[in-house]
Structure formats: structure tokens, C-alpha cells
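Below, each chain spelled out in residue letters.
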Amino acid sequence: MSSDRSARGSPPQILSAECRADLMGEWPESGLDIEPAILAHWQPVPIREYVIKLVSGCNLACDHCYVYTMADTSWRSRPALIPRATIARTSARIAQHAAHHKMRRVRVVLHGGEPLLAGTDQLDYTARVLRLHLDPSVALEITIQTNGTLLTEEFMKVLHSHQIKVGVSIDGRAAQHDRHRKYASGRGSYALAAEAINLLNMPSHKELFGGLLCTIDLRNDPLEVYAALLEFTPPVIDFLLPHGTWSSPPPGRDESAATPYADWLSSIFDEWYFAARQESRIRLFEEIIHLLLGGHSTSDQVGLSPADYLVIDADGSFQLTDALKAAYPGAPETGLNVFDNTIEQALRHPAVMARQLGLAALADKCQRCTIVSVCGGGHYPHRYRRGSGFLNPSVYCPDLIRLIAHISRQLRSSSSG
């Protein structure tokens, strides 16, 4: 297994010995020593992906949603619909950053809440303005992540006009999906989500089908879930570990060495990896395989590659990954916004730096781990523990170790056979 430590040399020591010894503050805001990193000629990685929150609300009341059911409730104070002036200013900031770094490609994910609540006109306006500000030489890729319940032919016309790819969230068959993804009335949303996916699978729309996102529920049989997702012939499947922290653990995850999520995912990995024909890509598995073979990650779920994305909320505020809402109130906030600040300024925020400094910004236990170049400490929000902040291994640490070991063994067995 390759190691980023050997490939890139020793990491810069950006944490003072005093800070490492005394973690009474919430790291990284209290404890990340910024000046030595700057003096050591560290430079931030430009932002290449933006998650734009078109709306603050949702038409569903999913009980596992990190936006509305966990620690942070700031969505209540955001505009219900992102104002057009905020969209225009956001677009100008993105174009400014792309020009400064001579980028050739920018990716935008339209998100919410449920982004289709914004309506067709707002969707069309957003895509047009994003393209208007960027230099024509810059390729713009736009995707939208939706629960699917509002997707119609009218939306498809707008999506086609801007070549916007669509990802749909679905958790398996009706009983599995509707356990969590419900309306406030308690009615399930599976039928409409499945209808949306079938719409995307029509020959006239299939080019815009981006893939499926499935949140893992340990109560569901993994192979049944996988079979249900494959029936929709998705190009890509993303399996999402439920967001949680050491202070508020996800379902079935505690301080023990048990590995329920690794066991769940390993069953699907074997079915996927040893299939006569892989019917769909599974992003998490591909990332781990690529890292085991010495490559670099393109996702912040695993690996040590610097996070190169930023969230713009409906009020124009620059935020870190919105999964941080699972940690504590205000965790995603930077205190910066598109009206008063540049993206260059956001890059100097301690938490942005912590997500870009790779090995140097991990807990000592992670730095000593033999699979750190693959695991990368796990997803940043999952490292939080009240009192020490994010300078911890992932709450999914045992699962990640076991899953990576399982995939590594299967790779070796298939190559030797």
C-alpha cells in the first residue's frame, strides 16, 4: 500500500506542541496555528466545486436529515428562497476565483432543502447567471441533488437547456425508503421518487441521469437494497454513512470495536466487485480501490486530498460542508459571505485550512495508522467530539479499518487468482 507520507515527504508541523498537548479548546478554531503554515509556504488549494443552497426548506420531513433534525437549526433564519441578487453575487465571486487561478473547469451542485422547490424560473436564472459570469473558456458542470418528488417534464426542459445532471436520493424499496423519507403527514415518498427516476431513465432524458444517493440503514438487508437500486440502472451509486459524531453517534455506532457499517458495505462490495458485469459504479468502493493502488482521492469521504469545495447558503454566507450541521449549532459557519468577502479570504479560514492540510491536520492516532493514506481520517464532520473539536479519528474508525482491509484482501485475491 502506498503512503502519502512517503510520496510527499513529512507534513508541515502546523500544530504547536503546546496545542497538541492541550486540546481544551474546540479544534481547529482553537489550536490551529495558522502562521507557521503560511511561513512554511503552504498555499491553499483553489475551490473548484460549489454547493449552492437554492432554498432553505424541504417538502419532506425525513427523520434522518442532517439539515433539519440534528444540532444546527440555522436554516430557520435563512431566506426561504435564495434571492436573485445573491445568485448574481455568488456567480461573480465564482468567476473571480476561477479567473484568478486560471481554472478550466468549475462544478456547481444545486442543493437545498429540496432545490426543485425553487421552481423552473429560478433554476433557469441560476444556470444562466452562472454561465454569464464565467469566461467562455471555463467549462461549467452543473448538477442538482433532489428527492425526486417534484421532478416533471417542465423541469426536464430547463435541465436539458443547461445540461444539468440530476442525482436522486432513494434508500431501497418502498418499505426501506419510506421508513425515513416521509412527508410531514407520515405518507411515504417512494412512489414519486421512483417515478422521477423512471422519468430520468427515458431515452430522451437518460443523458441527464447523474445517479442515486442511498443513506445506509443497518436494519435493511444490504443485498436487497443494492438489488433495488440496480433495478433503476443508475450510472453511479453513492452510499452515505449516516452523519453523526462521537458526541452524538450515528445509529448502531458506539465506542466499541464493532463494525456494523463495514459488514453491511462489504456484502455489497463482494456482489459488485465479483459480478460478471458491473452494472453501476459505486463511488466509495472506487475511491478506496484507487487509493489502495496508490492514487489520490477525488472525494473528502476518504483519502488525504485537500477539500476543494465550499457551500453558499441561501443568504450568501460561505459555509463549510453542510454535513457539519450534525456536530453543533453554527459548525458550518465561516462568518464570511459573497457580498463582503472573496473566496480567497474563505480559503484562510481555520476550518478550510484543516480540510486542506491532509496528514498534518489529523489526530496523532490517525497519523500513526498504517492505512491513513486510504482512510484519510474519514469524513471531517464525523471526527467531532465535544471538547476537542475535530482533532479525532472518525466515529466510523473501526468500520473504515475493516472495510478497507476487506477490499484490500479481495483485490489481492482476485489479482493472485
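Overview of the structure. (Residues numbered from 1 in each chain as written. Predicted model: local features only at pLDDT ≥ 70, side-chain atom pairs only at ≥ 80, totals over all residues. Heavy atoms only, no water.)

1. Focus: the overall build of the chain
No. 1: Secondary structure assignment for the chain yields 16 helices and 10 strands.
No. 2: Along the first, second and third principal axes, the C-alpha atoms of the chain reach 60 × 55 × 40 Å.
No. 3: Counting only residues that meet the buried cut, the chain has 55% of its 417 residues in that class.
No. 4: At a minimum sequence separation of 6, the contacts of the chain that also span at least 24 residues come to 73%. (Helix = DSSP H or I, 4+ residues; strand = E, 2+ residues; numbered from the N terminus. Buried < 20%, exposed > 50% of the residue type's maximum accessible area, 1.4 Å probe, protein only. Contact = heavy atoms within 4.5 Å.)

2. Here we look at helix α16 (residues 397-416)
No. 1: Compared with the 28 Å implied by 1.5 Å per residue over 20 residues, the 29 Å span of α16 between its first and last C-alpha is a close match.
No. 2: Buried-residue contacts for α16 involve α10 (260-273), α11 (283-292) and α15 (372-375). (Expected span 1.5 Å × (residues − 1).)

3. Some words on the environment of R76
No. 1: Along the polypeptide, R76 turns up in the loop between β1 (49-53) and α4 (84-100).
No. 2: Considered as a pair, R76 and S56 are 20 residues apart in the sequence and their alpha carbons are 7.6 Å apart.

4. Brief notes about the side chain of Q356
No. 1: Mapped onto the secondary structure, Q356 falls in the loop between α13 (350-354) and α14 (364-368).
No. 2: Here Q356 falls in the buried class, since its relative accessible area comes to 5%.
No. 3: Among the polar contacts listed, one links the side chain of Q356 to the backbone oxygen of A307, at a separation of 2.9 Å.
No. 4: Those residues in contact with Q356, other than ones at most four positions away along the chain, are W42, P44, V45, I47, P306, A307, D308 and L347. (Polar contact = N/O pair within 3.5 Å; in protein donor to acceptor, adjacent residues only side chain to side chain.)

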